[in-house]
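Here is how the chains run, residue by residue.
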Amino acid sequence: MTLEIVLFVIFALVCLVSGILMVTRVNPVISALFLVVNFGSLAGLYLTLNAQFIAVAQVIIYAGAIMVFFLFVIMLINPEHEKRFLEYKPQLKIFAVAIAVLVFLQIAYIILFSKPSEGVSREVAASVKAGTIEQIGRELFTKYVLPFEAVGYLLLSAAIGALVLAKKKFK
Amino acid sequence: MLNNIQEFYNILPLIIIGGLILVSLIIEMYSESSEKILPWLSIIGFLFVGIYSLVEVGRTSIVLQNMLATGGVVNIFWLIFNITAAIVCLLSINYIKKYGAYYGEYYIIIQTSVLGMMLMAGAKDLIVIFLGLEVMSISFYVLAGFNRNRSSANEASLKYFLLGAFATGFLVYGIALIYGKATTTSIDAISLNFSALSGNVLFLTGVLLFLIGFSFKIAAFPFHMWVPDVYQGSPTTVAGLFSTAGKAAGFSALIVTFAALFGGPHGHLFTPYLSAIAVFSMLFGSIVAIMQTDIKRMLAYSSIAHAGYMLIGLASGNIDGVAGIIFYLAAYSFMNLAAFGIVSILEGKEETNLDLDSYAGLGTRSPFIAGLFALIMFALAGIPPFAGFFGKYYVFIAAIKSDLTWLAMVGILSSMISVYFYLRLVVIMYFKSSETEDKVSYTASEIIAVVIAVVFVIILGLAPGSFIDLVTKFL
Amino acid sequence: MLTEFGKVFAFILTAVMFVLIAVFAAKLIRPARPTKEKLTTYECGENPEGSPWVKFNIRFYVVALIFLIFDVEVVMLIPWALVYQDSGMLGFLVGAIFLILLGLGMAYEWRKGDLEWARPKITPLVLTKTEPPEEKQEKELNLGE
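Values in this document were obtained by computation on a predicted structure and should not be read as measured data.

J.: Which residues make up the overall build of chain A, and what values go with them?
T.: Secondary structure assignment for chain A yields eight helices and zero strands. The secondary structure elements of chain A, listed N-terminal to C-terminal, are α-α-α-α-α-α-α-α. Here chain A holds 171 residues, and the buried ones make up 28% of them. Taking contacts inside chain A between residues at least 6 apart in sequence as the whole, the part at least 24 apart equals 55%.

J.: Kindly report on the interface of chain A and chain C, identifying the contributing residues and their values.
T.: Facing 47 residues of chain A, the contacting portion of chain C comprises 46 residues. For the side of chain A that touches chain C, the elements supplying multiple residues, two or more each, are helix H1 (3-24), helix H2 (28-48), helix H3 (52-76), helix H6 (124-131), helix H7 (133-142) and helix H8 (145-166) of chain A.

J.: Go over the confidence of the model for chain C with me, naming the residues and quoting the values.
T.: Parts of the prediction with low pLDDT should not have their coordinates interpreted in detail. Residues and elements named next belong to chain C. Summarising the model, chain C shows a mean pLDDT of 77, and 78% of its residues fall at 70 or more. The spread of mean pLDDT over the elements of chain C runs between helix H5 (residues 133-141), the lowest at 47, and helix H4 (residues 88-111), the highest at 88. Here residues 135-145 is modelled with pLDDT under 50, and outside its nearest four sequence neighbours on either side it reaches 10 contacts, counting other chains as well. Reported confidence for the predicted complex is 0.93 by ipTM and 0.90 by pTM.

J.: Describe the environment of leucine 462 of chain B, listing the residues and the values that go with them.
T.: Mapped onto the fold, leucine 462 of chain B is located in helix H20 (residues 444-462). Accessibility expressed as a C-beta count within 10 Å gives 13 for leucine 462 of chain B, which makes it partly exposed.

J.: Explain the interface of chain A and chain B residue by residue, including any values.
T.: Each side of the interface is counted separately: chain A has 21 residues, and chain B has 28 residues. Taken together, the residues of the side of chain A that touches chain B break down into 14 nonpolar, six polar and one charged.

J.: Describe the packing of helix H11 (residues 226-233) of chain B against helix H14 (residues 295-315) of chain B, listing the residues and the values that go with them.
T.: Residue and element names in this part refer to chain B. Two elements in contact, H11 and H14, have axes separated by 8 Å at closest approach and are oriented at 140 degrees. By the angle between their axes, H11 is oblique relative to H14. The hand of the H11/H14 crossing is right-handed. Contacts from Val227, Pro228, Tyr231 and Gln232 in H11 reach Lys296, Arg297, Leu299, Ala300, Tyr301, Ser303 and Ile304 in H14. Its residues placed into classes, the contact of H11 with H14 shows seven nonpolar, two polar and two charged.

J.: Describe unusual backbone geometry, listing the residues and the values that go with them.
T.: Across the junction of proline 384 of chain B and proline 385 of chain B, the peptide omega takes the value 10 degrees, indicating a cis bond. The topology assignment puts proline 385 of chain B in the loop between helix H17 (367-381) and helix H18 (387-401). One non-glycine residue, asparagine 50 of chain A, lies in positive phi territory at about 65 degrees. Residue position: asparagine 50 of chain A is located in the loop between H2 and H3. The buried category is assigned to asparagine 50 of chain A, around which 23 C-beta atoms lie within 10 Å. For aspartate 403 of chain B, which is not glycine, the phi torsion reads 60 degrees and is therefore positive.

J.: Before we move on, could you go through the nonpolar core and cite the residues and values that matter?
T.: Formed by 234 residues in total, the largest nonpolar core has its most connected members in Phe81, Ala331, Met335, Ala338, Ile376 and Val457 of chain B. Counting only domains with at least three residues in this core, you end up with domain 1 (3-114 + 123-131) and domain 2 (132-171) of chain A. Residues within four places of isoleucine 376 of chain B in sequence aside, it is in contact with Met335, Ala338, Ala339, Val454 and Val457 of chain B.

J.: Explain the domain arrangement of chain A to me, using residue names and the numbers behind them.
T.: All names here are of chain A. Taken domain by domain, chain A comprises domain 1 (3-114 + 123-131) and domain 2 (132-171). The straight-line distance from the C-alpha centre of domain 1 to that of domain 2 is 24 Å. On the domain 2 side, the residues contacting the five residues of domain 1 number four residues. Sorting the residues of the side of domain 1 that touches domain 2 by element identifies H3 and H6 as the ones contributing at least two each. With three residues, the top contributor of residues to the side of domain 1 that touches domain 2 is H6. Looking at the side of domain 1 that touches domain 2 residue by residue, the class counts come to two nonpolar, two polar and one charged.

J.: Explain H2 of chain A to me, and be specific about the residues and the numbers.
T.: Relative to the 30 Å expected for 21 residues at 1.5 Å per residue, H2 of chain A spans 30 Å between its end C-alpha atoms, a close match to the ideal helical length. Residues of H2 of chain A that are buried: Leu35, Asn38, Phe39, Gly40, Ser41, Leu42, Ala43, Gly44, Tyr46, Leu47 and Thr48 of chain A. Residues of H2 of chain A that are buried sit in contact with H1 and H3 of chain A together with helix H1 (4-29) of chain C. Asparagine 50 of chain A occupies a position one or two residues after H2 of chain A and carries a positive phi of about 65 degrees.

Conventions we followed
Residues numbered from 1 in each chain as written. Chains lettered and ligands numbered in written order. Predicted model: local features only at pLDDT ≥ 70, side-chain atom pairs only at ≥ 80, totals over all residues. Helix = DSSP H or I, 4+ residues; strand = E, 2+ residues; numbered from the N terminus. Buried ≥ 20, exposed ≤ 12 C-beta atoms within 10 Å, placed from the backbone. Contact = placed C-beta atoms within 7 Å. pLDDT = per-residue confidence, 0-100. Nonpolar A, V, L, I, M, F, W, Y, C, P; charged D, E, K, R; others polar. Axes fitted to C-alpha atoms, helices over the stretch in contact; angles between N-to-C directions. Parallel < 35°, antiparallel > 145°, perpendicular 65-115°, else oblique. Left-handed = near helix turned anticlockwise from the far one by under 90°. Core = buried A, V, L, I, M, F, W, Y, C linked by C-beta atoms within 7 Å. Domains from an automatic or database assignment. Expected span 1.5 Å × (residues − 1).

Structure representation (structure tokens):
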């Protein structure tokens, strides 16, 4: 057993267990904390796939900013009300399970039955090179200049919009 | 990045709108009366970009490492977006004061939404489509809830956001599946390789999810549930923007992704899906609109029906259909904008005067506005000689050319149903007496905006051939 | 094959495992005899009253939102910082435009007062002969919002 397989098993187990715990907890704050663990182990899985930049982004954005945001939103709402909401509509749970099963089956199909696309290199060295931050930077500033600036405008409009909608007092 | 100075001139519209956003933001920061300066700045910017796009329409090119196309149909779409946005700004000057959203940010967010639409229309890569869509959608979510003191506006914004984010999820999932098989996001490369890819189940699932994601954005039948609530809750001028430029942007992205397949062996691959949602959108929109008593909800259902007519052009899978959609979009944008403009003029403070019955006696109270509104209703119903008739005519002809005569027949049937609720409003305006004798008060800017839109409707109705010739030249 | 990042991550993982194993081992070994007193929230000898679930001020939410947006910006800038030298002036400009966009967003928030934590208004001390000293103190304590 190589180190990668050991790491994969550890991360996959942590990911699975924390995911199940996140869904089954009653207290939303504890759920959110398990989600952090889940995000962290996902970052580990990305690393075993040599996708370093995505792993870093996962930790900084998801486990960092989005989780902070989640927790503030949970603290902002009244959780008692939400609990009653699920009791009124138990069919929502069935719907959620159905969607989860559907997505799971689709991914299982992709992994088990579909052939890898042509033009994809299966060499490890190539995948390590493609995943480095330098390589992503080079692509970003030659080929993907327009999407990069578009992301700038996306963030700008999101910032202005968020303030317009969430500010306590306008003007 | 840019190979020569000509390419710079070709993407100048995008640069101008991008710069306009920054300048407006600085004005908003340092000026005390930004809400008086920004509408006029926006209108000048939009008009300049629109006219510039029309002048430069012949310079087709693909710039920025195959990410963006300019010239031709793209510039025609840019023209539609910018003129529409300029009219919306002109209408808003007085309206948002009445509505309680009198802030400069309103115009900045309209500018960012137009930037997103322009990216969608020019995209040559699925990533650019996605980013353009997000810039546009996020701006729209904010615009829908601009007055935070109104619970209806909050509801509209939240509903639009949740369902829009859900639809974007479909879209991204679809793009991921397409990328997984094609190993590229370039639209040209995927269309070239389509024969080899089209046998793959996952690839086709991806394309279908992509279509479903856009069905949300253009408000087609099974994904239409957000439309009435969002149009009703958001500011009327903004609802006008959603239903015209927003819909045009969704169709422009569908056209840039699927037009390359039309005329080829796979042109009719998605016809079953597209014609099914077209039929249901038309019939559902027209029939449910009859039961509405609120004018904004009625226009919302009519907007679902019109999405159905446009989808006929896409389902027919030929170049005539695409030209027909573009004409239809231009015509529909001006008709619907004029309709929403008049609704915004008549709307009172706190969402009053939105009932169909509040239009009673308008023919005597304000003959000019009633006349304009009647004209627009005739145009929306598709009665010749207005632009609405020719839009339907072109897409139906395209469907008949592709042996989809039954689809055209359903379209005609649905138009006949829709005549009822459009003309009912005209009847209410002229033949029902009202309780009040109040004259309708309006400002010059509002009435000029409506008149401009109506003039475009008449021009497009009198000379539809020249617009269609201009479009077909570049297809 | 493990990349350099992977090795660093393996170290972090080991550190986390140390803590987890220590906590878990302690839980196995230690005696557990919970009573009602032990299970209540520790509040310095007082009996806890009411739910600890207080609604946060919306300002926290605005700050979290701004943080989220600028966090994404930081992630986009990491690759730029590594490679902008390779493509010369052009590469610098691409990142500079991005930075100007986000910088303007930041300036907008600043200018509009969204980064300010509603500060208590401190009324300047004005000593007048007619005002008795008690009233003056009250004025001082009257801290805005």
